[in-house]
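Examining the three-dimensional arrangement
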Amino acid sequence: MTFDEHLPDQRLLLDMEGELSPQDAKLVRDHLAGCWKCRARRQDLEHAISGFVRVYQQEFGAELPPAGPRALLKAQLAQLSSTSSYASWFSVPRALTAAALCGLLLFGLLLVRSITQPPKTPVVSIPDSRLTPGATLLVSRPAVCAQENIKNKAVPVALQRKVFEEYGIAGADPRAYEVDYLVTPALGGADDIHNLWPHSYSATVWNAQAKDALEDRLRQLVCDGNMDLAEAQREIASNWIAAYKKYFRTDNPLELQ
Amino acid sequence: MSSRLTVSTVLPGLRATPATDGNQLAEVVVTFFDQLRDPMLRYLSSFGLTPPDREEILQEVFLSLFQHLDRGKSQDNIRGWLFRVAHNLALKRRYGTRRDLEVQADSGAEDLAIDPAPNPEDQMVNDQMRQRLLAVVDALPEQDRRCLFLRAEGLRYREIAGILDMSLGSVSISLARSLARIARSAER
């Protein structure tokens, strides 16, 4: 194949894109070496690409919030994987028998432990609504959504101690709990004892990670304009576990990492 | 990003089969999600879908990927597969509120200036060029626009052909035609 005339746009583009065979690419290169007009045209096409890409990125450059959609996907995948081929293969009677035996064993162990050793660190997955009804600041949705650093700040040790006392676990090991905000500051929650509660680390199912995922999800809904800020605050303050189930459409929390 | 994004590139040594652990598959799917959510969201935005619709489709796409892998189906070029599913779902979902590539005369337009701090004259020139380009792209036939958007996300001609159900030659003609129009608009 030879190019006595100028190269058509399509061929120039295919060459630029690396879509030509080596032989055709060589023919194009040979032609370009001697033809300024085609070289200039090639540059026009490059400029058209760069101009388009810039505008495309500006027009459609959307970003997901960090954890909400990811957490939702993980929750839904967790449900799906429980019914996947592997899981259905595994869920034969022997698996049921093993699970029943494990359950009995666990029950026995717990029974013995409860008789011989009263728990020193009661598990708290959900706050006592009399002690921690939730407290919020008077902030607007735009102000909440404009916040860039949405990580909860550390609760002062003195305030943590007070929370422990209120919950009647002053003697418990403080390392077993995270003093957590009920309504996260990322949703306008206040630095107030009525908004703080001791969340057990040993609450392996409904743990702080699950709550963080819910906070991200609600914030995303609020900032996308799909939920009122007040409603999000109400949902998380009244029963965060129920809110999790509702907004992640799952009965089972997921392990985030 | 490699155009041959496969399960084994995400989790080396793994090839999903119907006997693969569901948790392992979920991990693979989440890794793909992490790598591809931004380009896919941008592509979904180009259909004029609202943010909640885009996110819902994204969830649906990746749940479908889980089922696809769980059934032991083809694991070659997962990226192309994901974009094809997203494209089809977006077409189904798209409704009257399509956000055309129109120049909005609202406050957001200022934020989209190409140069972060151009002088007023440069700003005006940039805006004019941008408006011309947007008008050209908006006037393109739907399929030509789709080819451009997918190519802008790094998909190769063969992948685009697969997603849009076109021949390889048609993709090439479409892109050359669109870029020629864009280049002409820049000359004016």
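Residues numbered from 1 in each chain as written. Chains lettered and ligands numbered in written order. Predicted model: local features only at pLDDT ≥ 70, side-chain atom pairs only at ≥ 80, totals over all residues.

1. Some points on the overall build of chain A
Here is the rule: A helix here means a DSSP run of H or I that spans at least four residues, while a strand means a run of E at least two residues long, and both kinds are numbered starting from the N terminus. Each residue is represented by a C-beta atom placed from its backbone, and any two residues with such atoms within 7 Å are regarded as in contact.
Counting secondary structure elements, chain A contains eleven helices and two strands. In chain A, once contacts between residues fewer than 6 apart in sequence are set aside, the share between residues at least 24 apart is 76%.

2. Considering the overall build of chain B
Worth spelling out the cut-off: Counting other C-beta atoms within 10 Å of a residue's C-beta gives its exposure: the residue is buried at 20 or more, exposed at 12 or fewer, and partly exposed in between, where C-beta atoms are placed from the backbone.
Scanning chain B from terminus to terminus reveals nine helices and zero strands. When its helices and strands are written in sequence order, chain B yields α-α-α-α-α-α-α-α-α. Relative to its 188 residues, chain B shows a buried fraction of 39%. Counted over contacts in chain B with a minimum sequence separation of 6, partners at least 24 positions apart contribute 67%.

3. What about the interface of chain A and chain B?
To keep things clear, this is the line we draw: Gly is placed with the polar residues, together with every amino acid not listed as nonpolar (Ala, Val, Leu, Ile, Met, Phe, Trp, Tyr, Cys and Pro) or charged (Asp, Glu, Lys and Arg).
Counting residues at the interface gives 42 residues for chain A, matched by 45 residues for chain B. Counting residues per element, the ones that place at least two in the side of chain A that touches chain B are helix 1 (9–16), helix 3 (36–60), helix 4 (68–81) and helix 5 (85–90) of chain A. Counting residues per element, the side of chain A that touches chain B draws most heavily on helix 3 of chain A, which supplies 14 residues. Of the residues that constitute the side of chain A that touches chain B, the class distribution is 21 nonpolar, eleven polar and ten charged.

4. A closer look at helix 3 (residues 51–70) of chain B
Residue and element names in this part refer to chain B. Threshold: Expected helix span is computed as 1.5 Å times (number of residues minus one).
Between the first and last C-alpha of helix 3 there are 29 Å, a value that for 20 residues agrees with the 28 Å anticipated at 1.5 Å per step. Looking only at helix 3, the buried set comprises Arg54, Glu55, Ile57, Leu58, Val61, Phe62, Leu65, Phe66, Leu69 and Asp70. Glycine 72, located one to two residues past helix 3, shows a positive phi value of around 70 degrees.

5. Structural notes on the nonpolar core
Basically, it comes down to this: We call a set of buried Ala, Val, Leu, Ile, Met, Phe, Trp, Tyr and Cys residues a nonpolar core when their C-beta atoms link them within 7 Å.
The biggest cluster of nonpolar side chains holds 90 residues, and the ones touching the most others in it are Ile236 of chain A together with Val29, Leu44, Leu82 and Ala86 of chain B. Broken down by element, this core gets its largest block of residues, eleven residues, from helix 2 (residues 22–45) of chain B. When near neighbours in sequence (up to four residues on either side) are disregarded, valine 29 of chain B contacts Leu77 of chain A together with Phe62, Leu65 and Phe66 of chain B.

6. Some details on the pairing of strand 2 (residues 196–200) of chain A
Residue and element names in this part refer to chain A. Under the convention used in this document: We call two strands paired when DSSP finds no fewer than two bridges between them.
Counting buried positions along strand 2 yields four of five residues, so the element is predominantly enclosed. Looking at chain direction, strand 1 (residues 177–181) and strand 2 are connected through five bridges and run antiparallel. Note that in strand 2 the partner of tyrosine 181 across the bridge is leucine 196.

7. Details of the packing of helix 3 of chain A against helix 7 (residues 142–152) of chain B
Quick reminder of the rule: Note on geometry: axes are lines fitted to C-alpha atoms, helical ones only across the stretch in contact, with angles between N-to-C directions running from 0 to 180 degrees. Any angle between 65 and 115 degrees counts as roughly perpendicular, while under 35 counts as roughly parallel, over 145 as roughly antiparallel, and the rest as oblique.
Between helix 3 of chain A and helix 7 of chain B, the least distance of the axes is 10 Å, while the angle of their chain directions is 85 degrees. Our classification of the angle between helix 3 of chain A and helix 7 of chain B gives roughly perpendicular. Residues Phe52, Val53 and Tyr56 of chain A of helix 3 of chain A form the contact with helix 7 of chain B, whose participating residues are Leu148, Phe149 and Ala152 of chain B. When grouped by side-chain class, the residues that make up the contact of helix 3 of chain A with helix 7 of chain B number six nonpolar, no polar and no charged.

8. Digging into the confidence of the model for chain B
Residues and elements named next belong to chain B. Operational definition: For every residue, the predictor states its confidence as a pLDDT score lying anywhere from 0 to 100.
Put simply, chain B has an average pLDDT of 80, and 76% of its residues get 70 or more. Element-level mean pLDDT values for chain B span from 43 in helix 5 (residues 108–111) up to 95 in helix 7. Below a pLDDT of 50 lies the segment residues 96–115, which in the model reaches 24 contacts outside its immediate sequence neighbourhood of four places, other chains included. In the predicted assembly, ipTM is 0.76 and pTM is 0.58.

9. Some thoughts on the environment of serine 172 of chain B
Looking at the element boundaries, serine 172 of chain B is found in helix 9 (residues 168–187). Separated by 15 residues in sequence, serine 172 of chain B and tyrosine 157 of chain B place their C-alpha atoms 7.2 Å apart. Once residues within four sequence positions are removed from consideration, serine 172 of chain B is found in contact with Gln10, Leu13 and Leu14 of chain A together with Tyr157 of chain B.

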